[in-house]
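# Examination of the molecular architecture
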Protein chains: 2
Amino acid sequence: MRQLPHPATEDIQLTEVLRALADPVRLELVRKLGDGIELACSTAGDDLDVHKSTLSHHYRTLRESGVTHTRIDGRQRLLSLRRDDLDARFPGLLDSIITAADRVGV
Amino acid sequence: MRQLPHPATEDIQLTEVLRALADPVRLELVRKLGDGIELACSTAGDDLDVHKSTLSHHYRTLRESGVTHTRIDGRQRLLSLRRDDLDARFPGLLDSIITAADRVGV
DNA sequence: ATTACTATTTGATAGTTGTCAAACAATAAA
DNA sequence: TTTATTGTTTGACAACTATCAAATAGTAAT
């Protein structure tokens, strides 16, 4: 597979985004994905005590909800936040959620 | 029962709030609860095509997550947003979510 | 080619969720 | 004291979710 399916910006659903971020593991992953930064799956989940197949499931959920973008590079998958797309569709949402997460540490 | 249990402000969990708002029915209920407004359960859910027991379940989820406050008045339960508490704990969060919901109409 | 690496997929499982229907509880009105 | 009103609770059920383990797939290195 050369490229993974991503929802178009205008197809990103609010409830899907909230559902994706309502999980502690996924919220932590998003926190680690600082703006403009790409992380390999192995890096993103390295300090989380979760099985790799479980992480793969979370990556998929994040991607399909429109929260993250996944780029294939060799045998790695590079994750990044879809910051611009999310800001365009839901202004301020991602920021307030990440700020809140940093604040309470989850 | 004279009063219903509500989580203290400092016990409101981010993932719980996000999970509560990640449901279309509950998000719509929150949208209808404008700031400082109290709505009876009957009023809040009158135009939603959902069984009353299902609504009752959603009211409970919203209350237990810390999103809403429920006051008992006679045979009615009056719902209101815990705007101040949520703003204190997660600044800007509720606003961005409600704005986003209004924007896309969910 | 063989081996190592990175990640996904499939299968299984236990727990959670949204929903309806029916029964119940509490209060107000008659 | 009946009757009506307003919600909750319980039970049942189908769908979904997070998780691990094992198998699989694709790529890079040897």
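Below you will find a few notes about this structure. In this text the structure is predicted, and so the values were computed from the model without any measurement. (Residues numbered from 1 in each chain as written. Chains lettered and ligands numbered in written order. Predicted model: local features only at pLDDT ≥ 70, side-chain atom pairs only at ≥ 80, totals over all residues. Heavy atoms only, no water.)

## Some words on the sheet that holds strand E1 (residues 39–40) of chain A
Residue and element names in this part refer to chain A.
- Here three strands make up an open sheet; going across it, the order is E1-E3-E2 and the pairing antiparallel. The open sheet has two free edges, formed respectively by E1 and strand E2 (68–73), since each of these has just one partner strand.
- With two bridges connecting them, E1 and strand E3 (residues 76–81) associate as antiparallel partners. Considered in E3, the bridge of alanine 40 is made with leucine 78. (Pairing = 2+ DSSP bridges. Helix = DSSP H or I, 4+ residues; strand = E, 2+ residues; numbered from the N terminus.)

## As for the relation of the copies chain A and chain B
- Mapping chain A onto chain B calls for a rotation angle of 180° and an axial translation of 0.0 Å; the resulting RMSD is 0.0 Å. The relationship between the two copies is best expressed as a two-fold rotation axis.
- A share of 100% of the interface residues of chain A reappears at the interface of chain B, consistent with the copies meeting face to face through the same patch. (Least-squares fit on C-alpha atoms with pLDDT ≥ 70 in both. Contact = heavy atoms within 4.5 Å.)

## Focus: the protein's contact with DNA strand D
- Around DNA strand D, the surrounding shell holds 23 residues, and the nearest of these are A:Arg26, A:His51, A:His58, B:Ser42 and B:Ser56.
- When the atoms of DNA strand D within 4 Å of the protein are sorted by group, sugar and phosphate make up 61%.
- Contact distances for DNA strand D include 3.0 Å between a base nitrogen and a side-chain N or O atom of A:Ser53.
- The separation between a phosphate oxygen of DNA strand D and a polar main-chain atom of B:Ser42 is 2.8 Å.
- Sorting the residues of the surface near DNA strand D by element identifies helix H4 (52–65) of chain A together with helix H3 (41–44), helix H4 (52–65) and strand E3 (76–81) of chain B as the ones contributing at least two each.
- In terms of residue count, the dominant contributor to the surface near DNA strand D is H4(B) (five residues).
- When its residues are assigned to classes, the surface near DNA strand D shows four nonpolar, 10 polar and nine charged. (Near = heavy atom within 4 Å. Polar contact = N/O pair within 3.5 Å; in protein donor to acceptor, adjacent residues only side chain to side chain. Nonpolar A, V, L, I, M, F, W, Y, C, P; charged D, E, K, R; others polar.)

## Regarding the side chain of B:Thr70
- Within the element layout of this structure, B:Thr70 appears in strand E2 (residues 68–73).
- Sequence-distant contacts of B:Thr70, that is, excluding residues within four places in its chain, are made with B:Leu4, B:His6, B:Arg63, B:Arg77, B:Leu78 and B:Leu79.

## What to know about the sheet that holds strand E1 (residues 39–40) of chain B
All names here are of chain B.
- Read from one edge of the open sheet, three strands run E1-E3-E2, paired in antiparallel fashion. Whereas interior strands pair on both sides, the edge strands pair on one side only; in this sheet they are E1 and E2.
- Here six bridges tie E2 to E3, and the two strands are oriented antiparallel to one another. Directly across from aspartate 73, in E3, lies its bridge partner glutamine 76.

## Notes on the interface of chain A and chain B
- The interface is formed by 22 residues belonging to chain A together with 22 residues belonging to chain B.
- Surface buried jointly by chain A and chain B totals about 1,700 Å² across both partners, of which 75% is contributed by carbon and sulfur atoms.
- The largest contributions to the chain A side of the interface with chain B come from A:Leu14, A:Thr15 and A:Leu18, which together make up 27% of the buried area.
- Linking chain A with chain B are zero salt bridges.
- Joining chain A to chain B, the criterion identifies five residue pairs in polar contact (both at pLDDT 80 or more).
- Of all elements in the fold, only helix H1 (14–21), helix H2 (24–32), helix H5 (83–89) and helix H6 (93–104) of chain A reach the threshold of two or more residues within the side of chain A that touches chain B.
- Tallying contributions element by element places H6(A) first for the side of chain A that touches chain B, with seven residues.
- In terms of residue class, the side of chain A that touches chain B is built from 15 nonpolar, three polar and four charged. (Buried area = accessible area lost by both parts, 1.4 Å probe. Salt bridge = Lys/Arg side-chain N within 4 Å of Asp/Glu carboxyl O.)

## Focus on the protein's contact with DNA strand C
- With respect to spatial proximity, 23 residues lie near DNA strand C, and among them A:Ser42, A:Ser56, B:Arg26, B:His51 and B:His58 are the closest.
- Of what DNA strand C places within 4 Å of the protein, 64% of the atoms are sugar or phosphate.
- At 3.0 Å, a side-chain N or O of B:Ser53 approaches a base nitrogen of DNA strand C.
- Between DNA strand C and B:His58 there is a distance of 2.5 Å, counted from a phosphate oxygen to a side-chain nitrogen or oxygen.

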